[in-house]
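Structural overview for review
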Amino acid sequence: TGVFTAPVAGIYQFSVNLLTATTESDLEAYIFKNGYLVSYIYDSAKTGVRSIGVASVTLKLAVNDTVSVYSNAGGIYGTSTRGAGSYFSGHLVG
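Mapping Ser39 onto the fold places it in strand 4 (residues 36-43). According to the relative accessible area criterion, Ser39 is buried, its value standing at 16%. Discounting residues that sit within four places of it in the chain, Ser39 has contacts with Ala29, Tyr30, Ile31, Ala55 and Val57.

This is how it looks when you write it as structure tokens:
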């Protein structure tokens, strides 16, 4: 669904790695906890080079809190056969 919902309360670590689909668009992305902004990622477009953004956040979550990533870039490059792409991952720290 693109939204993580905490199954148990605790401290969670999330990582985001985004790569634009084209070389013409800036990368802007936002990480939200329960709809509130907790982190912002930006990289300006460079001629002939895709924009990339990387972020890591540690959040205290209660049961059913949500974490999501939104990007208004022209497109995000997904997983490819070359192994490059974008991801959003997280895990319970404790």
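A few words now on the packing of aromatic side chains. On inspection of all chains with the given rule, the structure shows seven aromatic pairs. Linked through ring pairs, Phe4, Tyr12, Phe14 and Phe88 together constitute an aromatic cluster.

The next thing to look at is the nonpolar core. Formed by 14 residues in total, the largest nonpolar core has its most connected members in Phe14, Ile31, Ile41, Leu59, Leu61 and Val67. Those elements giving two or more residues to this core turn out to be strand 2 (10-19), strand 3 (27-33) and strand 5 (52-61). Dropping the residues within four chain positions of it, Ile41 is found in contact with Val16, Leu27, Glu28, Ala29, Gly53, Val54 and Ala55.

Take the sheet that holds strand 1 (residues 3-5) next. Strand order across the open sheet formed by four strands is 1-6-3-4, with antiparallel pairing between neighbours. Edge positions in the open sheet fall to strand 1 and strand 4, since each of these has one partner strand only. Strand-to-strand twist in this sheet, taken as the mean axis angle between neighbours without regard to direction, amounts to 15 degrees. Inspection of the sheet shows strand 3 paired to strand 6 (residues 66-71) by five bridges, in the antiparallel sense. Residue pairing for strand 6: Phe32 is matched across the bridge by Ser68.

With phi around 50 degrees, Asn34 is a residue other than glycine that occupies positive phi space. Examined against the element boundaries, Asn34 turns out to sit in the loop between strand 3 and strand 4.

Here the focus is the sheet that holds strand 7 (residues 87-92). Taken in spatial order, the three strands make up an open sheet running 5-2-7, and their pairing is antiparallel. Edge positions in the open sheet fall to strand 5 and strand 7, since each of these has one partner strand only. Sheet twist, expressed as the mean angle between neighbouring strand axes with direction ignored, is 15 degrees. Direction of pairing for strand 2 relative to strand 7: antiparallel, over a ladder of six bridges. Along strand 7, the bridge assignment pairs Phe14 with Gly90.

About the criteria used
- Residues numbered from 1 in each chain as written.
- Predicted model: local features only at pLDDT ≥ 70, side-chain atom pairs only at ≥ 80, totals over all residues.
- Heavy atoms only, no water.
- Helix = DSSP H or I, 4+ residues; strand = E, 2+ residues; numbered from the N terminus.
- Buried < 20%, exposed > 50% of the residue type's maximum accessible area, 1.4 Å probe, protein only.
- Contact = heavy atoms within 4.5 Å.
- Phe/Tyr/Trp six-rings, centres within 6.5 Å; stacked < 30°, edge-to-face > 60°.
- Core = buried A, V, L, I, M, F, W, Y, C linked by side-chain atoms within 4.5 Å.
- Pairing = 2+ DSSP bridges.
- Axes fitted to C-alpha atoms, helices over the stretch in contact; angles between N-to-C directions.

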